[in-house]
Amino acid sequence: MSVKAFELVPVVERELLTGGGGGVNVTVECLECCGKHLYAGTSDGLIHHFLLEETADARGRPAYLAQKMQQRHLGTKRGSVAELRAASALERLIVLSTGDASVYLHDMMSLEPVPAPPSGTSGGGGAAKIKGVLSFCVNENPVGADPFCVELGVICARRRAVQIYTLQEDRVQLVRELATPQQPCVICLDGYFLCLALASQYVILNYSTGASQDLFPFDSEERKPIVKRIGREEFLLAAPGGLGMFANAEGISQRAPVNWSEHVIGAAVCFPYVVALDEGFVTVHSMLDQQLKQTLSFRDGHILQDFEGKLVLASTKAVYMLVPLPLERQIQDLLAGNRVEEALTLTEGARRNIPKDRFQVLHKRILQQAGFIHFGQLQFLEAKEHFRKGQLDVRELISLYPLLLPATSSFTRCHPPLHPFADLNQLTQGDQDRAQRCKRFLISYLHEVRSCEAGSCDGEGGANGFREEVDTALLKLYAEADHESLLDLLASDNACLLADSAPWLEKHHKYFALGLLYHYNGQDASAVQMWVKVVDGVLQDSTRSDLFEYVVDFLSFCPNLELVWKHAEWALNKDQEVGVQIFTKRPVGGAQGSSISTSNSTGRLNPEDVVTYLQKHSRALLLYLEHLVLEQQVQKERFHTHLALLYVERVLGLLSQPVCPEDEALSQARSKLQRLLKESSLYRVQLIMGKVEGLETLLEERAILHGRLGEHERALHILVHQLRNRRAAEDYCTWATAEPSTCTTDSIHQDPSSSSASPRLFHLLLATYLDPEVPGGVDNMAAVDLLNRHGHMFDAAQVLDVVPEAWSLQLLRPFLTTAVRKSAHDQRTAQLALGLARSENMQLLHDRLKFRGGPVLVSDKKGCHLCHNTFSEPDCVCLPGGRPVHTHCATQRLLQTQPQKRQQQQSRDSPTQRRLENGSNPT
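Residues numbered from 1 in each chain as written. Predicted model: local features only at pLDDT ≥ 70, side-chain atom pairs only at ≥ 80, totals over all residues. Heavy atoms only, no water.

Draft legend 1. View of the sheet that holds strand E22 (residues 266-270). Taken together, 4 strands build an open sheet; the order of strands is E22-E23-E24-E25 and the sheet is antiparallel. If you trace the sheet from one side to the other, it starts and ends with E22 and strand E25 (292-297), each paired once. Strand-to-strand twist in this sheet, taken as the mean axis angle between neighbours without regard to direction, amounts to 15°. In terms of strand pairing, strand E24 (residues 281-286) meets E25 through 5 bridges, oriented antiparallel. Looking across to E25, one finds that Thr283 is bridged to Thr295. (Pairing = 2+ DSSP bridges. Helix = DSSP H or I, 4+ residues; strand = E, 2+ residues; numbered from the N terminus. Axes fitted to C-alpha atoms, helices over the stretch in contact; angles between N-to-C directions.)

Draft legend 2. Just the packing of helix H19 (residues 618-631) against helix H20 (residues 637-655), in detail. For the pair H19 and H20, interaxial distance at closest approach is 9 Å and the crossing angle is 135°. The angle between H19 and H20 falls in the class oblique. Read as a crossing pair, H19 and H20 show a hand that is left-handed. Contact residues: Leu621, Leu622, Leu625, Glu626, Leu628, Val629 and Leu630 in H19; Phe639, His640, His642, Leu643, Leu646 and Tyr647 in H20. (Parallel < 35°, antiparallel > 145°, perpendicular 65-115°, else oblique. Left-handed = near helix turned anticlockwise from the far one by under 90°. Contact = heavy atoms within 4.5 Å.)

Draft legend 3. Broad picture of the pairing of strand E12 (residues 161-167). Where burial is concerned, most of E12 is hidden: 7 out of the 7 residues are buried. Every second residue of E12 is oriented toward a common face, with Ala161, Gln163, Tyr165 and Leu167 on one face and Val162, Ile164 and Thr166 on the other, all of them buried. As judged from the 6 bridges shared by strand E11 (residues 150-156) and E12, these two strands associate in the antiparallel manner. Its bridge partner being in E12, Gly153 is matched across the sheet by Ile164. Hairpin remark: E11 followed by E12, antiparallel, with 4 residues in the connecting loop. Direction of pairing for E12 relative to strand E13 (residues 172-179): antiparallel, over a ladder of 7 bridges. Along E13, the bridge assignment pairs Ile164 with Arg176. Hairpin connection of E12 to E13: 4 residues between the antiparallel strands. (Buried < 20%, exposed > 50% of the residue type's maximum accessible area, 1.4 Å probe, protein only.)

Draft legend 4. Representation of the side chain of Arg92 in the model. Within the secondary structure, Arg92 is located in strand E7 (residues 92-97). Within polar-contact distance, the side chain of Arg92 engages the side chain of Asp107 at 3.5 Å. (Polar contact = N/O pair within 3.5 Å; in protein donor to acceptor, adjacent residues only side chain to side chain.)

Draft legend 5. Spatial organisation of the pattern of salt bridges. Tallied over the full model, the rule gives 38 salt bridges. For the salt bridge of Arg72 with Glu112, the shortest nitrogen-to-oxygen distance reads 3.0 Å. Taken together, the residues span a long stretch of sequence, with Arg72 in strand E5 (residues 62-73) and Glu112 in the loop between strand E8 (102-107) and strand E9 (129-130) at a distance of 40 residues. Measuring nitrogen to oxygen at the nearest pair gives 3.7 Å for the salt bridge that ties Arg638 to Glu608. Taken as a pair, Arg638 in helix H20 and Glu608 in helix H18 (residues 607-613) lie far apart in primary sequence, 30 residues in all. (Salt bridge = Lys/Arg side-chain N within 4 Å of Asp/Glu carboxyl O.)

Here you go:
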């Protein structure tokens, strides 16, 4: 699992630090790197300033040229330089001297010390130094908003406390001091959080709230403690047992620990690597899997620090740089070893170090390569995710499958190639199971690509505008695999190439799908011809068992009427009940619809043409007429009469057969006939009457026809005395007296006898029940039942005159109760109507008085507004606005305008005008 991540490059040789051989005992104590500026503090109290230039050697490997700019001695009493930190915004160098345990400010360029302000005092009073300091750190996540103010965390040398300072250009100021239970030895500051190494443990303090969080014990006397800030509110610590532990500000470790050496003296993080320095080696561990990735030999090392992503190493005499190899090279090495996740993680970690545009290109390519690695390993879920995120040109994947790309495609594979495979055959090595799994994956992936192209995803991994290649490849895969989604693809919006797809569908006997493809490409005649061959058995395709019904449904919505008439005979010969749906599912045209031999852009057929065409198909003709009359409610006498005659013929035909009267077919036929006779008022009653006249088995039908002719006495005679069916007689009266809107649902004509015959019919039925001269005599119970159940239909006064005197009030109690309530209701309703009329009349009088103007002045000097002649008589007519005109002028104008108004009214009442007005109504 090793990888070459870093190279050790010398930066500052010993001669530059010691001045050409002098100072044998001088050692490097601290380092600081800020941009191209490198600062080194030595044990003899010198600050060395170098300017670094990155170059490359003859082999192209990285190299550094260090130019020494100057050096500065702290002074004889200040001892060695313990720590250096650069504040580039202030152009200041923060220096800790071991001689007097004080922090000083120096100019970054000249290395001159910054003097204190004249009014300043030492310590926290504004002096440019801090006394009594054991160690310090810079807050890389400052809490203040001032970019020219640096925050420091300081360990006090003579007491158990830490202090927070703010550093400005020429002064430092104490902000906060916190006491600690033990003497701190290492400090690291991030925001409000202080991570401290005490004598026996690590702790995290919040200097804003004073909260403290113990982490884990550590003996600082046995080994050197390490505290490194590696990110926002996250630290790397040297733990017992040779572990590098991660801890956040809440004291929680969200990363697995790194197992490094027991004698680590320095550590740094260069994501995704943790670099550790011990007595003889530099080790590189991955933060991803915590494994050792690289080991570099390094003697006498004692400093390892990271500065703005640069890893700087120092031995006692020289300075080195740990240079990471180019990320692309590392990533390609990882991909070559099929270490996909490590490569991707390394790529993500490099986001902040690569320009955005370049990173996006790099990231997409690596994702695509990773996807093909997973694809070659048959890890399809991972491959699909990488292809989607990497926005793979889908043709790269389709091209692996022979013959799937259309012949017209001009696609060429990416260079350098994203994978080592020539095609699917090389990948699967003849293993058919692996090949089928790869094809199923491609089906799934292309389906998702189409969905993304339709706008149902976030835009990653779409078809990139290559819909023809995607849809054609999907069609071929669906057809080959007998996939159920083939029909869904062809029935939806698609870009399948007909020239490529049609031979493929024929090869796999997908003739129904081929018809759909023809239809989508506007070749309906070819589509229907293909389907007819399948239905007739000429071609074999079991895709749809109901293909005949489908063809009929297709023809019923086909706008090409020539194609419809061409195949209508075929459909009717197959099955009249199904075939007639070609006409019943189609919108009904007008009287001037298209003929059989012509096509209509609206797709409508003239019903009269259809009826004429269906004469030789009796069952289809009956169904079509039922559709016109009962469903579409076409208001034409011809269709209603024709349907009634067909119903009568059906009933008469059944009656002529030797069947019992309770036969179900006869009952259903008579029920349909009776329903039509009752609901329709457009058929020719006398013609139908002539068909059923004299048939004793069709008495109910005859009664309905007599009712249509207004012969209610004869109808009631049949129902009461011949059929002896009181319920039918009462239903007849209810039907005959109903309003036109409820009596005849398919009729727009009103029976002239219905509304006026309402009370008369019920009185006539009552008289029939009470007539002693009719066969059977008086039927008192029927009369009482009629009165009590339909009392609101009778005139109570007339009823009391005809009922026998022997009847008791108790017998007629329900009728009398209804009559009294009806009388009271009618009286009150009349009173309300009278009151409303009076109120309306008063309102009209009020409005008339309100709008009546003042006097109209007429003189022989004032002219008429119509003829402009003066008035010779006082008689006049006022137009709106009080303009006087001659009486004869007003009369003449009225006679001229009346025909125009009448013509306009007729135009508004015409069906065409009503359709226009209804069409303009947005409701």
